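Chains, contacts and geometry: an overview
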Amino acid sequence: MTDRYAVFGNPVEHSKSPQIHRAFAAQTGEAIEYDKQSVALDGFYRAADTFFAEGGKGLNITVPFKQEAYGYAARLTNRARHAGAVNTLALQNDGTVLGDNTDGIGMVRDMLENLNWQIKGRKVLVLGAGGAVRGILEPLLEQLPQHVVIANRTLAKALQLAKGFAEMGYLLGCDYEMLEGQQFDLVINGTSASLVAQLPPLPDGLLADQACCYDMMYAVQPTVFMSWARQQGAAGVADGLGMLVEQAAESFRLWRGISPNTAPVIAEIRQMLMDQASSDTP
């Protein structure tokens, strides 16, 4: 019997989740179907009810429905509760739906296992204070960095987010001007600036010796943030494609009880992006 899964979003045409999960299924021998579904902006609850009523087993959730998925879930994991958003819904044996957020653990695993970076004891700077950053803070703090600074254009938002996670580790909030004179071992870009080829107003000299820089966005070409990091002498620079695959792997484990091998799938999706870019070039 083949179990049904899908990703809900609007827009959702760009999603690589079907390719990723089909690759996981082929690798592990799991019998699943996985599709993408564009959901009306006011129709999430109705679409989710229909999906599960028709035998669906699990959903991935992308923008703009992560908060609605949070409200839809009958139960939440601790990391989903702290993130305030859900990107994975899983039907349980008792018929209830569990909500989880796998974004943060996906990023951490990419850094530790694929990139061989270190987080423990490091001075970490996170750029941005939106939902994407909120989703990564708990798994990041679980790795015991020396401290985490959240920098945002609006100081109040950075301070509010730092306060909300203060019991989990040493966090500080600041605006970009307050970064002058500070240095960090790991800088994570959690803003959406890369989507519009922009860069947060970062001072020179921000990177400590052997610092690493991670952009949660991904693209075929290096993002503006990645280019800045290389110009600043970063020892390691990466985009978020590995995070995308790793968060999907955590969803797959939640649904199927099996952890797939992510390395070949990351390589496959990277090649797919490059092939698409080549075909789009006149």
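My aim in this report is to walk through the structure given alongside it, one point at a time. Computed from a prediction, not measured in an experiment: that's the story for all the values here.

Counting through the fold element by element, T223 comes out in the loop between β11 (207–215) and α8 (224–231). Look at T223 and you get buried, because its relative accessible area is 7%. Polar contacts involving the side chain of T223 include one to the side chain of D215, which spans 2.7 Å. If we skip the residues at most four places from it in the chain, T223 touches S194 and D215.

A contiguous nonpolar patch, built from L155, L159 and M178 and spanning about 240 Å² of accessible area, is present on the exposed surface. With respect to the secondary-structure elements, M178 resides in the loop between β9 (171–174) and β10 (184–189). Classification of M178 as partly exposed rests on a relative accessible area of 43%.

With respect to the element layout, S17 can be found in helix α1 (residues 17–28). Taking the relative accessible area as the measure of exposure, S17 reaches 7% and is therefore buried. Considered as a pair, S17 and M226 are 209 residues apart in the sequence and their alpha carbons are 24 Å apart. Setting aside chain neighbours within four positions, we find S17 in contact with V7 and Y34.

Let us look at the environment of A151. Tracing the chain through its elements places A151 in strand β8 (residues 147–151). A151 sits in the buried class, given a relative accessible area of 0%. Through-space distance from the C-alpha of A151 to that of D175 is 5.0 Å; in sequence the pair is 24 residues apart.

Viewed as axis vectors pointing N to C, helix α5 (residues 103–114) and helix α9 (residues 241–256) meet at an angle of 115 degrees, and their least axial separation amounts to 7 Å. For the crossing formed where α5 meets α9, the hand is right-handed. Where α5 approaches α9, its residues D103, I105, G106, M107, R109, D110 and N114 are matched on the opposing element by G242, M243, E246, Q247 and E250. For the contact of α5 with α9, the per-class residue count stands at three nonpolar, four polar and five charged.

Conventions and cut-offs
- Residues numbered from 1 in each chain as written.
- Predicted model: local features only at pLDDT ≥ 70, side-chain atom pairs only at ≥ 80, totals over all residues.
- Heavy atoms only, no water.
- Helix = DSSP H or I, 4+ residues; strand = E, 2+ residues; numbered from the N terminus.
- Buried < 20%, exposed > 50% of the residue type's maximum accessible area, 1.4 Å probe, protein only.
- Polar contact = N/O pair within 3.5 Å; in protein donor to acceptor, adjacent residues only side chain to side chain.
- Contact = heavy atoms within 4.5 Å.
- Patch = residues over 30% accessible without salt bridge, like charges linked within 9 Å, V, L, I, M, F, W, Y side chains within 5 Å.
- Areas by Shrake-Rupley, 256 points an atom, 1.4 Å probe, with all protein chains shown as cover.
- Salt bridge = Lys/Arg side-chain N within 4 Å of Asp/Glu carboxyl O.
- Axes fitted to C-alpha atoms, helices over the stretch in contact; angles between N-to-C directions.
- Left-handed = near helix turned anticlockwise from the far one by under 90°.
- Nonpolar A, V, L, I, M, F, W, Y, C, P; charged D, E, K, R; others polar.

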